[in-house]
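So the chains spell out like this:
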Amino acid sequence: MIEEQRVIDFHGHTGRLDLYNGVDDPDLILHAMDKVGIDVSCVFNIFHPDGTTGNDITARFVAEHPDRFVGFAYVSPMMAEGMVDELTRAIDELGLVAIKLYPPYTQWDLNEPIWHPIYEFANERGLAIIFHTGSDPHSHPGLLADCAAKFPNANFVSGHAGNVAEPRAAAIRAAQDYPNIFLETCSTFRTPGVIEQLVNEAGADRVLFGSDIALMDSRPQLGKIITADISDEAKRLVCGGNAARLLGI
Amino acid sequence: MSIQFTFRPRVPVFDANVRVGDLHYQPSPCRNQDQLLAEMDRHGVDKALIYHAQTEEVSPLDGNGFLEEWLDSSRLFPQWSMTPTPDSLAQIQGLHEQGRVHSVRLHNARKVGLPFRPWACGTMLSWLSENRIPLWIPLPDADADELAMTLSAFPELVTVLVGAHYSHALWVRPLMTTLPNAYLELSRIEPLGEVEALCEAYGAERFVYGSWYDRLAMGSMLFYLHHTDISDSELELICAGNLLRILQGEGRHD
């Protein structure tokens, strides 16, 4: 909690990335969270194209600390035939509450039809989907506008808010045009003025704090929200108010 | 400790890594000295060691000249950039004769294929070592093997390794172990729990706080350092004490 505001980290990973010293040690993650008042972290595993393997890992991880973590389901159109069945299992049986997608692992732009069964599933259930977004063509956040228009009951979250200037501007435009597009803040770039830009141009009610834990420590990522030149009310929304509303938690 | 939506550092802060001026492809958000000082005030930063953006990719010699207008005798201190050429060495030696060189920053000559090897950089490194001038080395431009091999040949030279990112995660510990007179600047140390783990492994005396503003937002890493298991006395060393010692030519550990 920060000043009675529940803090929710919308972007976290299970699984190891040893090249980058990314270690999903729950004790280390909880230590970082506790040091800065993060109540809940959302986690997912994007390393297995079948979805099943990673979702099981995520579910086991969450089950160890169900009051501190919530799990998101991952599927990939690289194994498209099983996507909806796996989503159904992950949400209904494993208790995962939203969806993570990673277009750079595929050969399809995020608005191409092969992804649509996932969006239909989310649309029917009113779920949030967080995407890796950035400058690569498959992940360009400008494409989210197309999805948001076709699936108005799903919520589309631009992970990293596009990461760098041009895709970030496209992400903001998409959020301005569609009420079901949100912008998530984690980025190793930590460029000055970005949090202010997202809040001022898209609205504080459309921005979600994320950290990319366990690839990155959540503390500097929260620090860029706390030290941004925005109002305390905006910080409350970004740090947890919006995520609680979006996830219904 | 209760966390709040406002943050002020609780120890004196001397930022070891601030860039000023425009890159040719990216104007700086701070247009002048007053704006930079205002940004530092907003984050509770007392002093900063500054270098000019033009030294990064255009000219260390011209960039050092552009740095002059940003200096402030009480809060903004110069870090001159240097490349292994006779002209650059002569410029830095001239500034040194005026008593104005307390650190230098390595310009990226590897970009054009000149490696960080003794045969290419030895004259520069020998002069710095003889004059007890510490060298800042940006890791995004560096090669781990060149650093380890070359700096081992200049064991008395104090270095500050700048901007270690998670993509350098496997470099950091071997370099810190191999190079006892190397410090690590912390602007991009983002692997989970790594600040505490590195301090535990090497001691807080081996680390300096830098924001790498305006490449990175000024406050986020400072906030992080204030929310770790390290003690306030260690925090004081990291946020200012170690840098002061290095700039006074007293940075050697061995």
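Bear in mind the structure is a predicted one, so any value in this text is a computation, not a measurement. (Residues numbered from 1 in each chain as written. Chains lettered and ligands numbered in written order. Predicted model: local features only at pLDDT ≥ 70, side-chain atom pairs only at ≥ 80, totals over all residues. Heavy atoms only, no water.)

Observations regarding the overall build of chain A
Here comes step 1: Helices and strands together make up the secondary structure of chain A, namely nine helices and eight strands.
Here comes step 2: Taken over C-alpha atoms, the radius of gyration comes to 16 Å for chain A, in line with the 18 Å a tight globule of 249 residues would show.
Here comes step 3: In terms of overall dimensions, chain A has a C-alpha envelope of 45 × 40 × 35 Å along the principal axes.
Here comes step 4: Burial status across chain A gives 62% buried among its 249 residues.
Here comes step 5: For chain A, the share of sequence-separated contacts (at least 6 apart) that also reach a separation of at least 24 residues comes to 78%.
Here comes step 6: Of the roughly 8,600 Å² of accessible surface on chain A, 51% is carried by carbon and sulfur atoms. (Helix = DSSP H or I, 4+ residues; strand = E, 2+ residues; numbered from the N terminus. Rg over C-alpha atoms; globule rule 2.2 N^0.38 Å. Buried < 20%, exposed > 50% of the residue type's maximum accessible area, 1.4 Å probe, protein only. Contact = heavy atoms within 4.5 Å. Areas by Shrake-Rupley, 256 points an atom, 1.4 Å probe, with all protein chains shown as cover.)

With respect to the overall build of chain B
Here comes step 1: Each helix and strand counted, chain B has 10 helices and nine strands in total.
Here comes step 2: Across its three principal axes, chain B shows a C-alpha extent of roughly 55 × 40 × 30 Å.
Here comes step 3: Considering only contacts in chain B between residues 6 or more positions apart, those separated by 24 or more positions represent 74%.
Here comes step 4: For chain B, the exposed surface amounts to about 9,700 Å²; the carbon and sulfur share of it is 50%.

Here's the deal with a nonpolar patch on the surface
Here comes step 1: Together, Leu17, Leu19 and Tyr20 of chain A together with Leu170 of chain B make up an exposed nonpolar region whose accessible area comes to about 370 Å².
Here comes step 2: Tracing the backbone through its elements, the reader meets Leu17 of chain A in the loop between strand E1 (8-9) and helix H1 (26-36). (Patch = residues over 30% accessible without salt bridge, like charges linked within 9 Å, V, L, I, M, F, W, Y side chains within 5 Å. Salt bridge = Lys/Arg side-chain N within 4 Å of Asp/Glu carboxyl O.)

Thoughts on the pattern of salt bridges
Here comes step 1: If you walk through the whole model with that rule in mind, you get 23 salt bridges over all chains.
Here comes step 2: In this structure, Arg100 of chain B and Glu68 of chain B form a salt bridge, with 2.7 Å as the shortest nitrogen-oxygen distance. With Arg100 of chain B in the loop between helix H4 (86-97) and strand E5 (104-106) and Glu68 of chain B in the loop between helix H3 (60-67) and strand E3 (76-78), this pair connects stretches of sequence that are 32 residues apart.
Here comes step 3: For Arg100 of chain B, a relative accessible area of 25% puts it in the partly exposed group.
Here comes step 4: By relative accessible area, Glu68 of chain B is classed as partly exposed at 34%.
Here comes step 5: Notably, a salt bridge pairs Glu156 of chain B with Arg252 of chain B, separated by 3.8 Å at the nearest N-O pair. Taken as a pair, Glu156 of chain B in the loop between helix H6 (144-152) and strand E7 (159-162) and Arg252 of chain B in the segment after helix H10 (232-247) lie far apart in primary sequence, 96 residues in all.
Here comes step 6: Each of Asp56, Glu86 and Arg89 of chain A takes part in one network of salt bridges that share partners.

A closer look at the nonpolar core
Here comes step 1: Residues Tyr119, Phe156 and Leu222 of chain A together with Leu36, Ile50 and Leu184 of chain B are the most contacted members of the largest nonpolar core, which totals 136 residues.
Here comes step 2: Sorting elements by how many residues they give to this core places helix H5 (residues 118-130) of chain B first, with six residues.
Here comes step 3: Excluding anything up to four places from it in sequence, Leu36 of chain B contacts Val18, Val20, Cys30, Ile50, Trp70, Leu76, Tyr213 and Met218 of chain B.
Here comes step 4: By size, the runner-up hydrophobic cluster in this structure holds 20 residues, among which are Ile8, Phe44, Val157 and Leu246 of chain A. (Core = buried A, V, L, I, M, F, W, Y, C linked by side-chain atoms within 4.5 Å.)

Considerations on the interface of chain B and chain A
Here comes step 1: Taken residue by residue, the interface counts 33 residues in chain B and 41 residues in chain A.
Here comes step 2: Where chain B abuts chain A, roughly 3,100 Å² becomes buried across the two surfaces, and 60% of that area is made up of carbon and sulfur atoms.
Here comes step 3: Linking Arg190 of chain A and Glu190 of chain B is a salt bridge whose minimum nitrogen-to-oxygen distance equals 2.8 Å.
Here comes step 4: If you look at where chain B meets chain A, you find 20 residue pairs in polar contact (both at pLDDT 80 or more).
Here comes step 5: Those elements that place two or more of their residues in the side of chain B that touches chain A are helix H1 (33-43), helix H7 (169-178), helix H8 (194-202) and helix H9 (220-225) of chain B.
Here comes step 6: Take the side of chain B that touches chain A: its biggest share by element is four residues, from H9 of chain B.
Here comes step 7: In terms of residue class, the side of chain B that touches chain A is built from 14 nonpolar, 11 polar and eight charged. (Buried area = accessible area lost by both parts, 1.4 Å probe. Polar contact = N/O pair within 3.5 Å; in protein donor to acceptor, adjacent residues only side chain to side chain. Nonpolar A, V, L, I, M, F, W, Y, C, P; charged D, E, K, R; others polar.)

Examining the pairing of strand E6 (residues 135-138) of chain B
Consecutive side chains of a regular strand alternate in pointing toward one face of the sheet and then the other.
Residue and element names in this part refer to chain B.
Here comes step 1: Going residue by residue along E6, you find Leu135 and Ile137 tucked away on one face and Trp136 and Pro138 tucked away on the opposite face as well.
Here comes step 2: By the bridge criterion, two bridges tie E5 to E6 in an arrangement that is parallel. Bridge pairing in E6 places Arg105 opposite Trp136.
Here comes step 3: Crossover connection from E5 via H5 to parallel E6: handedness right-handed. (Pairing = 2+ DSSP bridges. Right-handed = clockwise from strand over helix to strand, strands pointing away.)

Considering the environment of Asp143 of chain B
Residue and element names in this part refer to chain B.
Here comes step 1: With respect to the helices, strands and loops of the structure, Asp143 is situated in the loop between E6 and H6.
Here comes step 2: Distance in space between the C-alpha atoms of Asp143 and Pro78 is 26 Å, their sequence separation being 65 residues.
Here comes step 3: Within polar-contact distance, the side chain of Asp143 engages the backbone nitrogen of Asp145 at 3.1 Å.

Considerations on the sheet that holds E1 of chain A
Residues and elements named next belong to chain A.
Here comes step 1: Spatial strand order, E1-E2-E3-E4-E5-E6-E7-E8: eight strands in an open sheet with parallel pairing. The open sheet has two edge strands, E1 and strand E8 (207-208), and neither has a second partner.
Here comes step 2: Sheet topology note: the E1/strand E2 (residues 40-43) ladder contains two bridges and is parallel. Residue pairing in the sheet places Asp9 in a bridge with Ser41 of E2.
Here comes step 3: Running at roughly 175 degrees to strand E3 (residues 69-74), helix H2 (residues 52-64) makes contact with E2 and E3 of the sheet. (Axes fitted to C-alpha atoms, helices over the stretch in contact; angles between N-to-C directions.)

Overview of the packing of H1 of chain A against helix H8 (residues 218-226) of chain A
Pairs of packed helices are described in terms of their axes, by the angle between the two and the distance that separates them.
Residues and elements named next belong to chain A.
Here comes step 1: Interhelical geometry of H1 versus H8 gives an angle of 25 degrees and a closest axis separation of 9 Å. Of the possible angle classes, the one that applies to H1 and H8 is roughly parallel. Like other packed secondary-structure pairs, H1 and H8 cross with a definite hand, here right-handed. Contact with H1, carried on its side by His31, Ala32, Met33, Lys35 and Val36, involves Ser218, Arg219 and Leu222 of H8 and no other residues of that element.
Here comes step 2: Across the contact of H1 with H8, the residue classes tally to four nonpolar, two polar and two charged. (Parallel < 35°, antiparallel > 145°, perpendicular 65-115°, else oblique. Left-handed = near helix turned anticlockwise from the far one by under 90°.)

Everything listed here is a matter of geometry and, on its own, says nothing about what the molecule does.
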